[in-house]
Amino acid sequence: MRKKIVAGNWKMNKTFKESKVLVKELTKSIKAIPLDNTRVIIAPPFTNLQKASKKTKDTAIEVSAQNMHQAENGAFTGEISAEMLKSIYVDIVILGHSERRAYFGETDELLAKKVNTALKHGLEIIFCFGEVLEDRKSGNHFKVVEEQIKNALFHLDSESWNKIILAYEPVWAIGTGETASPEQAQEMHAFIRELVAERYLSDVAEEVSILYGGSVKPANAKDIFSKEDVDGGLIGGAALNADDFIALVEAI
Ligand code: PGA
């Protein structure tokens, strides 16, 4: 049975000290929640990653990086490699976030390389994709999402898909307070699962968790998470507050 996942993307928020406080609150609160088939992941910024990784070691919370470089190592000032992440016991990385695509010029081609490097090092990937508002308005959203997934992931063999978590994040819903309706999310998630089923065996499609991201909050999470093909959420703003994030875990 595929896993339910609530993942918090902290983006460029939280100092070292603030991060310690939030991790402490989360590890304490999570103990009271039955998590049967649910994974809880947090993605703090690089400066807080090692500490968060250490502090969550014996808890139900897993730690992810927000990005990594595609090269093994070398003269890439300011960048972080897959091996560096593994060396601090971080086994998950977010790739393809729309902010990386829009502000740092990450293309499908580059992301395919990052995906390969991450998998080579045994990292699990939360792979993000999603259309901008103009694509949605012009009815192009299915095509755009299909291309993003195909270009970065469809060269992989079936086995590699054990390490892939998909995150559909319509760009027009990220940090805007505007959420896709549960029906819009379900429609896209079902489309994505079908796409994976056509390219791979249906077990691959049935097993892959597909998260929704974009202004998910305690007030709207239950409706979105209740949809058949929505296996959880990638949460930005609401992941920065322990009570909100825990409420989202409870909503799944
Ligand atoms: P948001 O961000 O929840 O603040 O909209 C989601 C994301 O970018 O992952």
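Preceding this section is the structure that the text describes.
Criteria and cut-off values
- Residues numbered from 1 in each chain as written.
- Predicted model: local features only at pLDDT ≥ 70, side-chain atom pairs only at ≥ 80, totals over all residues.
- Heavy atoms only, no water.
- Helix = DSSP H or I, 4+ residues; strand = E, 2+ residues; numbered from the N terminus.
- Rg over C-alpha atoms; globule rule 2.2 N^0.38 Å.
- Buried < 20%, exposed > 50% of the residue type's maximum accessible area, 1.4 Å probe, protein only.
- Areas by Shrake-Rupley, 256 points an atom, 1.4 Å probe, with all protein chains shown as cover.
- Salt bridge = Lys/Arg side-chain N within 4 Å of Asp/Glu carboxyl O.
- Patch = residues over 30% accessible without salt bridge, like charges linked within 9 Å, V, L, I, M, F, W, Y side chains within 5 Å.
- Lys, Arg positive; Asp, Glu negative; His and termini not counted.
- Charge placed at Lys NZ, Arg CZ, Asp CG, Glu CD.
- Near = heavy atom within 4 Å.
- Polar contact = N/O pair within 3.5 Å; in protein donor to acceptor, adjacent residues only side chain to side chain.
- Nonpolar A, V, L, I, M, F, W, Y, C, P; charged D, E, K, R; others polar.
- Pairing = 2+ DSSP bridges.
- Right-handed = clockwise from strand over helix to strand, strands pointing away.
- Axes fitted to C-alpha atoms, helices over the stretch in contact; angles between N-to-C directions.
- Parallel < 35°, antiparallel > 145°, perpendicular 65-115°, else oblique.
- Left-handed = near helix turned anticlockwise from the far one by under 90°.
- Contact = heavy atoms within 4.5 Å.
- Core = buried A, V, L, I, M, F, W, Y, C linked by side-chain atoms within 4.5 Å.

Enquirer: In this structure, what is going on with the overall build of the protein chain? I would like to understand it.
Expert: Tallying secondary structure elements over the protein chain gives 11 helices and eight strands in all. The C-alpha atoms of the protein chain give a radius of gyration of 17 Å, which matches the 18 Å a tight globule of 252 residues would have. C-alpha extents for the protein chain along the principal axes are approximately 45 × 45 × 35 Å. Classification of the 252 residues of the protein chain by burial places 54% in the buried group. Of the roughly 11,800 Å² that the protein chain leaves accessible, carbon and sulfur atoms contribute 51%.

Enquirer: It is not clear to me how the pattern of salt bridges should be interpreted in this structure. Could you clarify?
Expert: Any two side chains of opposite charge can pair, so long as their charged atoms come close to each other. Taken as a whole and judged by the stated rule, the model has 17 salt bridges. Between Glu 62 and Arg 39 there is a salt bridge; the shortest N-O distance is 2.8 Å. Taken as a pair, Glu 62 in strand β3 (residues 61-65) and Arg 39 in strand β2 (residues 38-43) lie far apart in primary sequence, 23 residues in all. A salt bridge links Glu 146 to Lys 150, with the shortest nitrogen-to-oxygen separation between them at 2.9 Å. With a gap of four residues between them, Glu 146 and Lys 150 both fall in helix α7 (residues 141-153), about one helical turn apart. Residue class for Glu 146 comes out buried when judged on its relative accessible area of 17%. Here Lys 150 falls in the partly exposed class, since its relative accessible area comes to 34%. Here the salt bridges share partners, and the residues they tie into one network are Arg 2, Arg 193, Glu 206, Asp 229 and Asp 231.

Enquirer: Whenever I open this one, a positive patch on the surface confuses me. Can you help?
Expert: Taken together, the side chains of Lys 17, Lys 20, Lys 24, Lys 28, Lys 31, Lys 51, Lys 54 and Lys 55 present a region of like positive charge at the surface. Secondary-structure elements contributing two or more residues to the positive patch are α1 (16-30) and α2 (46-55). Here the element with the most residues in the positive patch is α1; it accounts for four residues. Structurally, Lys 55 is set in helix α2. Lys 55 gets classed as exposed once you look at its relative accessible area, which sits at 52%.

Enquirer: Quick question: what am I supposed to make of the site of the ligand here?
Expert: In the region of the ligand, 13 residues are neighbours, and Lys 11, His 97, Glu 169, Gly 175 and Ser 215 sit closest. The side chain of Lys 11 places a nitrogen or oxygen atom 2.7 Å from an oxygen atom of the ligand. Ser 215 is positioned with one of its backbone polar atoms (N or O) 2.7 Å from an oxygen atom of the ligand. Of the residues belonging to the shell around the ligand, the class tally is four nonpolar, seven polar and two charged.

Enquirer: It is not clear to me how the pairing of strand β7 (residues 210-213) should be interpreted in this structure. Could you clarify?
Expert: Regular strands place side chains that alternate from one sheet face to the opposite one. Residues of β7 alternate between two faces, with Ile 210 and Tyr 212 on one and Leu 211 and Gly 213 on the opposite face, all of them buried. In this structure, strand β6 (residues 164-168) lies alongside β7, joined through three bridges in parallel fashion. Bridge pairing in β7 links Ala 167 to Leu 211. As judged from the two bridges shared by β7 and strand β8 (residues 232-235), these two strands associate in the parallel manner. For Tyr 212, the partnering residue across the bridge sits in β8 and is Gly 233. Running through helix α10 (residues 218-225), the crossover from β7 to the neighbouring parallel element β8 is right-handed.

Enquirer: Could you clarify how one ought to interpret the packing of helix α5 (residues 108-120) against α7 in this entry?
Expert: If you want to describe how two helices pack, look at the angle between their axes and the distance between the axes. Here α5 crosses α7 at 45°, and the two axes come no closer than 7 Å. By the angle between their directions, the pair α5 and α7 is classed as oblique. Judged by the twist between their axes, the crossing of α5 over α7 is right-handed. Where α5 abuts α7, its residues Asp 108, Leu 111, Ala 112 and Val 115 lie against Glu 147, Gln 148, Asn 151, Ala 152 and Leu 153.

Enquirer: How do you make sense of the nonpolar core when you look at a structure like this?
Expert: General note: in soluble globular proteins, nonpolar side chains tend to be found buried as a group. Among the nonpolar cores identified, the biggest contains 68 residues, and Phe 127, Leu 153, Trp 161, Leu 166 and Ile 192 are the most heavily contacted of them. In terms of residue count, helix α11 (residues 242-251) provides more of this core than any other element does, six residues in total. Leave out the neighbours within four places in its chain, and Ile 192 touches Phe 129, Val 145, Ile 149, Leu 166, Tyr 168 and Ile 210. In this structure, Ala 7, Ile 41, Ile 94 and Ile 165 belong to the second largest nonpolar core, which totals 12 residues.

On their own, these measurements won't tell you what the molecule is for.
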